[in-house]
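Working through the structure, step by step
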Amino acid sequence: MLKFLTMQQSVLIIDDEKKICSLLARIIELEGFTVFQANTAKEGLKVLAAQEIHVVISDVKLPDINGIELVKQIKDLKPYTEVISLTAFGTIQDGVKAMKNGAFDYITKGDDNDKIIPLVYKAMDKAKLQFRVFELESKIQKQYDFSFILGQSKSILQAIDLAKRVAPTGTTVLLLGETGTGKEVFAQAIHYESPRKLKPFVALNCSGFNPDLLESELFGYKQGAFTGAQKDKKGLLQEANEGTLFLDEIGEMNLDLQAKLLRVLESQTFIKVGDTQTTKVNVRIIAATNRDLKAEADEGHFRLDLFYRLSVFSIELPSLKERKVDITLIAKHYLKQFAAKVNKPDFMMDEQFTGLLQNHTWKGNIRELKNVIERVVILADSHVLNAALLPYEFHQGNVEGDAMKMETVEKMHIMKVLKYTQNNKTEASRLLGIGLTTLYRKLEEYHIS
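Residues numbered from 1 in each chain as written. Predicted model: local features only at pLDDT ≥ 70, side-chain atom pairs only at ≥ 80, totals over all residues. Heavy atoms only, no water.

Brief notes about helix α1 (residues 18–29)
- Between its first and last C-alpha atoms α1 spans 16 Å; for 12 residues at 1.5 Å apiece the expected length is 16 Å, and the two agree.
- Cys21, Leu24, Ala25 and Ile28 are the residues of α1 that are buried. For α1, the arc enclosing every buried residue in end-on projection is 105°, short of the 170-degree limit, so these residues lie on one face. Within α1, the exposed residues directed more than 90 degrees away from the buried face are Lys19 and Arg26. (Helix = DSSP H or I, 4+ residues; strand = E, 2+ residues; numbered from the N terminus. Expected span 1.5 Å × (residues − 1). Buried < 20%, exposed > 50% of the residue type's maximum accessible area, 1.4 Å probe, protein only. Arc of directions from axis to C-beta.)

Let's talk about the packing of helix α13 (residues 327–341) against helix α15 (residues 365–379)
- Packing of α13 against α15 brings their axes to within 9 Å, and their N-to-C directions diverge by 45°. One way to sum up the angle between α13 and α15 is to call them oblique. α13 and α15 meet at a crossing whose hand is right-handed. Residues Ile327, Ile330, Ala331, Tyr334, Leu335, Gln337, Phe338, Ala339 and Lys341 of α13 pack against Ile366, Leu369, Lys370, Ile373, Glu374 and Val377 of α15.
- Grouping the constituent residues of the contact of α13 with α15 by class yields 11 nonpolar, one polar and three charged. (Axes fitted to C-alpha atoms, helices over the stretch in contact; angles between N-to-C directions. Parallel < 35°, antiparallel > 145°, perpendicular 65-115°, else oblique. Left-handed = near helix turned anticlockwise from the far one by under 90°. Contact = heavy atoms within 4.5 Å. Nonpolar A, V, L, I, M, F, W, Y, C, P; charged D, E, K, R; others polar.)

Side note on the nonpolar core
- In terms of nonpolar packing, the biggest core is built from 37 residues, with Leu357, Trp362, Ile373, Leu385, Leu390 and Ile414 touching the most fellow members.
- Mapped onto this core, the elements with two or more residues apiece are α13, α14 (351–359), α15, α16 (406–420), α17 (425–432) and α18 (436–445).
- Per-domain counts for this core show at least three residues from each of domain 3 (321–395) and domain 4 (406–446).
- Those residues in contact with Leu385, other than ones at most four positions away along the chain, are Leu335, Phe347, Met348, Met349, Asp350, Phe353, Val376 and Ala380. (Core = buried A, V, L, I, M, F, W, Y, C linked by side-chain atoms within 4.5 Å. Domains from an automatic or database assignment.)

Observations concerning the environment of Gly182
- Along the chain, the position of Gly182 falls in the loop between β6 (173–176) and α7 (183–192).
- It is 26 Å that separates the C-alpha atoms of Gly182 and Leu385, two residues lying 203 residues apart in sequence.

What to know about the pattern of salt bridges
- Tallying each qualifying case throughout the model produces 18 salt bridges.
- Between Lys75 and Glu82 there is a salt bridge; the shortest N-O distance is 3.8 Å. Across the pair, exposure class does not vary: Lys75 and Glu82 are buried alike.
- In this structure, Arg165 and Asp161 form a salt bridge, with 3.0 Å as the shortest nitrogen-oxygen distance. Of this pair, Arg165 and Asp161 both sit in helix α6 (residues 154–166), four residues apart, roughly one helical turn. (Salt bridge = Lys/Arg side-chain N within 4 Å of Asp/Glu carboxyl O.)

Looking at the sheet that holds strand β1 (residues 10–14)
- With parallel pairing, five strands are arranged side by side in an open sheet as β2-β1-β3-β4-β5. The open sheet has two edge strands, β2 (34–38) and β5 (105–108), and neither has a second partner. Neighbour-to-neighbour, the strand axes of this sheet turn through a mean angle of 20°, independent of strand direction.
- Alignment of strand β4 (residues 82–87) against β5, held across four bridges, turns out to be parallel. Within the sheet, the bridge partner assigned to Ile84 lies in β5 and is Asp105.
- Strands in contact with α1 are β1, β2, β3 (55–59) and β4; relative to β2, the strand with the most contacts, it is inclined by about 170°.
- This element, helix α2 (residues 41–50), spans β1, β2 and β3 of the sheet and lies at about 165° to β1. (Pairing = 2+ DSSP bridges.)

Quick notes on the pairing of β3
- By the criterion of burial, β3 is predominantly enclosed, with five of the five residues buried.
- Judged by which residues are buried, β3 turns out to be covered on both faces: Val55, Ile57 and Asp59 on one side and Val56 and Ser58 on the other are all buried.
- Pairing between β1 and β3: four bridges, direction parallel. Residue pairing in the sheet places Leu12 in a bridge with Val56 of β3.
- Pairing analysis gives five bridges linking β3 to β4, with the strands arranged parallel. Opposite Ser58, over in β4, you have Ser85 as the bridge partner.
- In this fold, the crossover linking β3 to β4 by way of helix α3 (residues 67–77) has right-handed handedness. (Right-handed = clockwise from strand over helix to strand, strands pointing away.)

Thoughts on the packing of aromatic side chains
- All told, the structure shown has seven aromatic pairs when counted by the stated rule.
- Taking 5.4 Å as the distance between ring centres and 70° as the angle between the ring planes, the aromatic pair formed by Trp362 and Phe394 counts as edge-to-face. In this pair, Trp362 sits in the loop between α14 and α15 while Phe394 sits in the loop between β16 (384–385) and α16, placing the two residues 32 residues apart along the sequence.
- In this structure Phe394 comes out as buried when scored by relative accessible area, which is 2%. (Phe/Tyr/Trp six-rings, centres within 6.5 Å; stacked < 30°, edge-to-face > 60°.)

Considerations on the domain arrangement of the protein chain
- Once the domains are mapped, the protein chain shows domain 1 (10–140), domain 2 (148–318), domain 3 (321–395) and domain 4 (406–446).
- On a C-alpha basis, the centroid separation for the pair domain 1 and domain 4 is 68 Å.

Focus: the confidence of the model for the protein chain
- Confidence along the protein chain averages 88 in pLDDT terms, with 93% of residues attaining 70 or more.
- Ranking the elements of the protein chain by mean pLDDT puts helix α4 (residues 92–100) last with 73 and β6 first with 98.
- Under a pLDDT of 50 for its full length, residues 1–6 has, in the predicted model, 12 contacts with residues more than four places off or in other chains.
- Predicted confidence is poor over residues 399–403, with pLDDT under 50, and the contacts of this stretch with residues over four places away or in other chains come to seven contacts. (pLDDT = per-residue confidence, 0-100.)

Here you go:
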């Protein structure tokens, strides 16, 4: 990771005339920059590989490599480093050629003293901005790469392996699995491990819109296409151009829209709502569903041709109950995350707490586990988490003695929630997921004042 905020601003000078190289170095050092020197292109590239250089000042006439070609090599090695080319009188065309290869600017020798310092400052400002962008992109990529998909079970490792294999390609991917198994997380990881990683990742939940709105969101529309269409609007396909479009709950899309999506997959073209012209895009489609699309197609609810086009490469994501070995690992991850969020120390899970997590059905999968852990962290008074912190449904069929009777567990849970809400019963009923009338009835039943 680049540490440009604390790093000194650095300049590399490459010139085979040692006197000019030393003179320029002294002038630039007086401005507070860290300066490195090299007398050949080969030496310069070694320095560049070993140091974080913001700006390179290079002669276009070097003994070992043509300075114009060197600009290209520098930009290939460090695309966020800016290059200023030095040209002799009468070779200005070389400077122009260098700029075509990616140089920031060129300067004629002899004008150095008056122009070099302002030019270095301008190039430095651009380089620092690009370094910042690079760091942010690196953070985003790291946040969404495959290392953030937790688990050691055979089923999740197989799914990750398949996703890693397909990520560098442009192939359409269909992610299958129950709700809450992490389909969008996989889609993001595939995008950020692909050549499209610096381009947009756009996600659309097809179940969140009625058919007309979904068509407008996906394909966009022309001014006047319908009442309220006061100006042209880009659809998400155009927003994702050169990147990835993730279509979640693809099984909710109606048959008419499925036909339009099929055309996108086959020709990368579509027609906006209210338009007569074809729009062309370059977008990768990743779709996801918790339905059996083949069965839906057999029943006439989903286009069979679209199903086959989407399922060129399908990945089945395992449910949490199929990967119980991962439950504790994922729970610990979210415990640490939410503890930091509410400024609480790290937690430990006692044996009974861990056992209830392992034995739970997890119909909501990872999403449900995440929500349960967040709630537990809010309610916990001790760094050791016990079974009483878990919601009511965790204790059904897990009664162990009087201390774990359902009434006792429920009473303890209600009391903890009330303590957390400072006896705000409306907020407590919301957190408990019950009506206010039900809460009052239970307060009377358990003699909670």
